[in-house]
Amino acid sequence: MAISDNKQIYKQAIGVYGGTFDPIHFGHLRPNLELCEVLGLEHVRFVPAFLPPHKENPQTSVAQRLEMVELAIRDEAHFVLDDREIKREGASYTIDTLKSLRLDFPDTPLCLLMGMDAFASIDSWYHWQEILDYAHIVVSHRPGSSFNEHVGFNEIQLWPDVIQDFYQTHKADRASIHHSLSGKIRIEPVTQLSISATDIRNRLKNKHSVRFLMPEAVINLIKYYNLYT
Ligand code: ATP
């Protein structure tokens, strides 16, 4: 599908979703499917980090995290595995990933998808102010974070000034995501799933069930490799 605006023709926007995915869970999957639908994204690219700059090193190998993501998304036609950070090696800076995606998709709006917890500290990311030169940012609600303009509670007020300014300067409606290649920020509500990889790792360590927190195929793989014990 092509979108036209001011005589510019853009391809249908795509989503870019980075994470450690150690392991991948429904809190990663469901919100992105909803974003794909409400924003009309052509697909969402899941980009596992080789070395996440802001986190401890993953507990599992690159190959195991890739295999888990592959299994988790294989039945959803709108989800695609993108292993460019793994192939690039070194610290996985989002700005480098976006530059490389922009080369691959020169006339496609790119939407960097992230949870509100990640956005609230985006000013600590490498060259964060350049991100909007390459992509839009779509922030989804995550349990523990709230944003509701209608009832008056607005987590933005709790953000550091620099993040509030960043958001207020670039916030946009849904349509504008499709009418420009980059540069907008949009907050979207999604179904709230209070699931984290940290909690899953702890449950596995304590030999507790992780059923219904993540796809069955991923659980089976974790059992097969005896991960997070
Ligand atoms: P960890 O517990 O190890 O820190 P995590 O579960 O937060 O991991 P990551 O792979 O670090 O998962 O997260 C990547 C992205 O997924 C971030 O943008 C984060 O905000 C988002 N995310 C993770 N879990 C959820 C969730 N339950 N709901 C919405 N967004 C989520």
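Residues numbered from 1 in each chain as written. Predicted model: local features only at pLDDT ≥ 70, side-chain atom pairs only at ≥ 80, totals over all residues. Heavy atoms only, no water.

### Focus on the sheet that holds strand S8 (residues 185-188)
In step 1: In spatial order, the strands read S5-S4-S3-S6-S7-S8; together these six strands make up an open sheet with parallel pairing. Both outer strands of the open sheet, strand S5 (79-81) and S8, are each paired with one neighbouring strand and no more. Going across the sheet, the axis of each strand differs from the next one's by a mean of 30°, ignoring polarity.
In step 2: Where strand S7 (residues 136-140) and S8 come together, four bridges link them in parallel fashion. Opposite valine 139, over in S8, you have isoleucine 187 as the bridge partner.
In step 3: Each of strand S4 (44-48) and S5 is contacted by helix H2 (residues 62-73), which is oriented at about 160° to S5, the strand it contacts most.
In step 4: With respect to the sheet, helix H4 (residues 94-104) is in contact with strand S3 (14-19), S4 and strand S6 (110-115), its orientation differing from that of S6 by roughly 155°. (Pairing = 2+ DSSP bridges. Helix = DSSP H or I, 4+ residues; strand = E, 2+ residues; numbered from the N terminus. Axes fitted to C-alpha atoms, helices over the stretch in contact; angles between N-to-C directions. Contact = heavy atoms within 4.5 Å.)

### What about helix H9 (residues 197-205)?
Each full turn of the α-helix corresponds to 3.6 residues, which orients residues three or four apart in the same direction.
In step 1: All buried positions along H9 are accounted for by Ala197, Ile200, Arg201 and Leu204. For H9, the arc enclosing every buried residue in end-on projection is 100°, short of the 170-degree limit, so these residues lie on one face.
In step 2: In the core, the buried residues of H9 are packed alongside helix H10 (216-225).
In step 3: Within two residues after H9, lysine 207 carries a phi angle of roughly 60°, on the positive side. (Buried < 20%, exposed > 50% of the residue type's maximum accessible area, 1.4 Å probe, protein only. Arc of directions from axis to C-beta.)

### Description of the packing of aromatic side chains
In step 1: Inspection of the entire model under this criterion finds ten aromatic pairs.
In step 2: Ring geometry for tyrosine 17 against phenylalanine 21: centres 5.8 Å apart, planes inclined by 45°, an arrangement best described as tilted.
In step 3: The exposure class of tyrosine 17 is buried, given its relative accessible area of 11%.
In step 4: Taking relative accessible area as the criterion, phenylalanine 21 reaches 2% and is therefore assigned buried. (Phe/Tyr/Trp six-rings, centres within 6.5 Å; stacked < 30°, edge-to-face > 60°.)

### As for the site of the ligand
In step 1: The environment of the ligand is formed by 20 residues, the closest being Tyr17, Lys55, Asp117, Leu193 and Thr198.
In step 2: Residue lysine 55 places a side-chain N or O atom 2.3 Å away from an oxygen atom belonging to the ligand.
In step 3: Alanine 197 places a polar main-chain atom, nitrogen or oxygen, 2.8 Å from an oxygen atom of the ligand.
In step 4: Calculation on the ligand without its partners gives an accessible area of 600 Å², and the protein chains cover 90% of this total.
In step 5: Put simply, the parts of the chain that give the shell around the ligand at least two residues each are S3, helix H1 (26-39), S6, helix H5 (116-119) and H9. (Near = heavy atom within 4 Å. Polar contact = N/O pair within 3.5 Å; in protein donor to acceptor, adjacent residues only side chain to side chain. Areas by Shrake-Rupley, 256 points an atom, 1.4 Å probe, with all protein chains shown as cover.)

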